[in-house]
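Understanding the architecture of this molecule
Read off the chains here:
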Amino acid sequence: MKKLTLVIGLIGSGLVVLAALVSLVWTPFDPSKVSGIRYGSLTWPHILGTDALGMDTASRLMVGAQTTLLVGILAVAIAALIGVPLGVFVGMGHKTLGEILARGSDILYALPALLLAILLASALGSSVTTASIAIGIATIPVFQRMARASTLTVMSQDYILAAQVSGTPTSVIALRHVLPNIAPLLGVQAAASFSMAILAEAGLAYLGLSAPKTVPTWGRMLRDANFLTQPMQAVIPGIAIVIAVMGFNLLGDGVRDYLDPRLQEVR
Amino acid sequence: MTAYSLDHVTMAFGGRRRKVTALESLTLHIGEHERWGIVGESGSGKTSLLKILAGLIRPTSGVVHFLGRDLDHANREAMASLRASVQMVFQDPRSSLNPRMRISEIISEPLRSPLLKGRVDVPTNPETRVSEVLDAVGLPPDAATRFPHEFSGGQRQRIALARALAPRPRILLADEPVSSLDVSVRAHVLNLLNSLVDSMGLTLIMVTHDLAVVRHTCDHVGVLQQGILVESGKVLEVMNHPKQEYTQELLNAVPRIKESG
């Protein structure tokens, strides 16, 4: 059962990564080339059809995988690089500062990524980067909380006291003891946030707050499809989003089960 | 020379509303090369006392002298000399050894501390020191490259002991060092502790709830009851002629084989 989760996760996320990598060197058609066939049905050579402008859906789907991965990586990187140090810092003491940060993170938590994205899009112009930054900032509290909670657990261990008895500096304790012990949990969180970011970007793109029309993204394809006349053009990017979100989510769960020492002892 | 001299040390936790007094006006003098057993029930303030002696927490009031010097947490030099001479062994080696570090890294950690590095009384070459102390606690040299979960409870406590001895401390603090171990390995670890304290001429301050352990290892005993030191002195005197009812109760709680006759 645990293995199954990991396998499905690996297949799902592997498909997305594969599509993105292949699209760097080869796609069936030029993804932004307008062919004569508009609203093409799912027949050879356009196996997934063409959209309203006659662009090849299969090619756009593959290139869209690049954007999807980019959004996930950028958003998670922003969230983790700011959230984790803050969480560890708060978890290791600094009570007053901790309170201030905790309240600040509550405020950020209450602010949905959508609002931030509208704000950033109006200030910087809507693009994939803007959307990723907005999603990343909105995810900071998730990492901050998780890092703080797991840091508190580590700090209650006697090996921290042993290090303090020898006069090991706090910064060294953070790097040598705290970070390695909270890393597995943060990895799982990163995978979960990765899929949340993909979903959020698809939503923002659907609302026109992410990539412009020229850049193929799954959310944008969903937006541009006409569900009544050509349902498959909406279903295909939808399925792609589902595969990516589920794939990375299950990958995170699978890796967590695999790494958890308590579960390992049972095995 | 006195290792520690505590004068009316009080330790209180919590705020204005719920204040818990862990130690109350405790006065105690511990000479060098003495072996003290601090006994008392859980919640009697034993662990707080040990943490004060280790410089991990600062007493609410009272004065602590360490090797004749005021233990002032703000004084870097005073703290550095404490850190260089005092080491501690904890109750549960599952918690006191970082599961993600190799044994060599765990044992050499005190040697790499900036407060200890470069001092003449601290061994300079970590690698040779690690194999020296591993040998001293009866573990094979190849243990250095392994991780804590590959060892049994008794072996892990030996590793914790090796880490404490690595920087050649003068004083060893021990918080219930054998109570988490199986009865069968307790005696081994306790005997090892005894012989190491002997051969290295250490001052030992051990906190325990087990008077049998104190009788086996220590020459002095202090009895704590709800944060108050109710009795202290030489082990034989206190055990044979307890002045306090509480000490007698603790003694009665120790199971012993009746002498025939």
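One structure accompanies this document, and this report is about it. (Residues numbered from 1 in each chain as written. Chains lettered and ligands numbered in written order. Predicted model: local features only at pLDDT ≥ 70, side-chain atom pairs only at ≥ 80, totals over all residues. Heavy atoms only, no water.)

Each helix and strand counted, chain B has ten helices and ten strands in total. Against the globule reference of 18 Å for 261 residues, chain B gives a C-alpha radius of gyration of 19 Å, in line with a compact fold. Based on the C-alpha atoms only, the size of chain B along its principal axes is roughly 55 × 50 × 40 Å. Sorting the 261 residues of chain B into buried and exposed places 52% on the buried side. Nonlocal contacts in chain B, meaning residues at least 24 apart in sequence, comprise 67% of its contacts between residues at least 6 apart. Summing over all exposed atoms, chain B offers an accessible surface of approximately 12700 Å²; the carbon and sulfur share of this is 48%. Here chain B carries 30 positive and 28 negative side-chain charges, and the mean point of each set is 6 Å from the other. (Helix = DSSP H or I, 4+ residues; strand = E, 2+ residues; numbered from the N terminus. Rg over C-alpha atoms; globule rule 2.2 N^0.38 Å. Buried < 20%, exposed > 50% of the residue type's maximum accessible area, 1.4 Å probe, protein only. Contact = heavy atoms within 4.5 Å. Areas by Shrake-Rupley, 256 points an atom, 1.4 Å probe, with all protein chains shown as cover. Lys, Arg positive; Asp, Glu negative; His and termini not counted. Charge placed at Lys NZ, Arg CZ, Asp CG, Glu CD.)

A word on the sheet that holds strand S1 (residues 2–13) of chain B. Residue and element names in this part refer to chain B. Within the open sheet, the four strands sit side by side as S2-S1-S4-S5. Their pairing is antiparallel. Bordering the open sheet on either side are strand S2 (20–31) and strand S5 (69–70), each of which pairs with just one other strand. With eight bridges connecting them, S1 and S2 associate as antiparallel partners. From the neighbouring strand, Val 9 faces S2, where its bridge partner is Leu 26. Against the sheet, helix H1 (residues 46–53) touches S1, S2 and strand S4 (61–66), its axis set at about 125° to S1. (Pairing = 2+ DSSP bridges. Axes fitted to C-alpha atoms, helices over the stretch in contact; angles between N-to-C directions.)

Okay, unusual backbone geometry next. Residue and element names in this part refer to chain B. The backbone phi angle of Ser 25 is positive, close to 45°, even though this residue is not glycine. Tracing the backbone through its elements, the reader meets Ser 25 in strand S2. For Ser 25, a relative accessible area of 37% puts it in the partly exposed group. Here Glu 176, not a glycine, exhibits a phi torsion of approximately 45°, which is positive. On the basis of relative accessible area, Glu 176 is assigned to the buried category, the value being 7%.

For the rest of this paragraph, the subject is the sheet that holds strand S8 (residues 203–208) of chain B. Residues and elements named next belong to chain B. Read from one edge of the open sheet, six strands run S6-S7-S8-S3-S9-S10, paired in mixed fashion. Two strands in the sheet have a free side with no partner beyond their single neighbour: strand S6 (86–89) and strand S10 (228–234). When the angles between neighbouring strand axes are averaged without regard to direction, this sheet yields 15°. Pairing between strand S9 (residues 220–225) and S10: six bridges, direction antiparallel. Across the sheet, residue Val 221 finds its bridge partner in S10, namely Gly 233.

Right, let's talk about the nonpolar core for a bit. Of all hydrophobic cores here, the largest spans 49 residues; its most connected members are B:Ile107, B:Leu134, B:Leu161 and B:Leu172. In this structure B:Leu172 touches B:Gln87, B:Met88, B:Val89, B:Leu161, B:Ala164, B:Leu193, B:Val197, B:Leu202, B:Thr203, B:Leu204 and B:Ile205, once residues within four positions along its chain are discounted. (Core = buried A, V, L, I, M, F, W, Y, C linked by side-chain atoms within 4.5 Å.)

Residues and elements named next belong to chain A. Contact pair helix H7 (residues 170–206) / helix H9 (residues 231–259): the axes reach a minimum separation of 9 Å and the direction vectors enclose 170°. Considering their axes alone, H7 and H9 lie roughly antiparallel with respect to each other. In this structure, H7 contributes Pro 184, Val 188, Ala 191, Ala 192, Phe 194, Ser 195, Ile 198, Leu 199 and Ala 202 to the contact, and H9 contributes Ile 241, Ala 244, Val 245, Phe 248, Asn 249, Gly 252, Arg 256 and Leu 259. (Parallel < 35°, antiparallel > 145°, perpendicular 65-115°, else oblique.)

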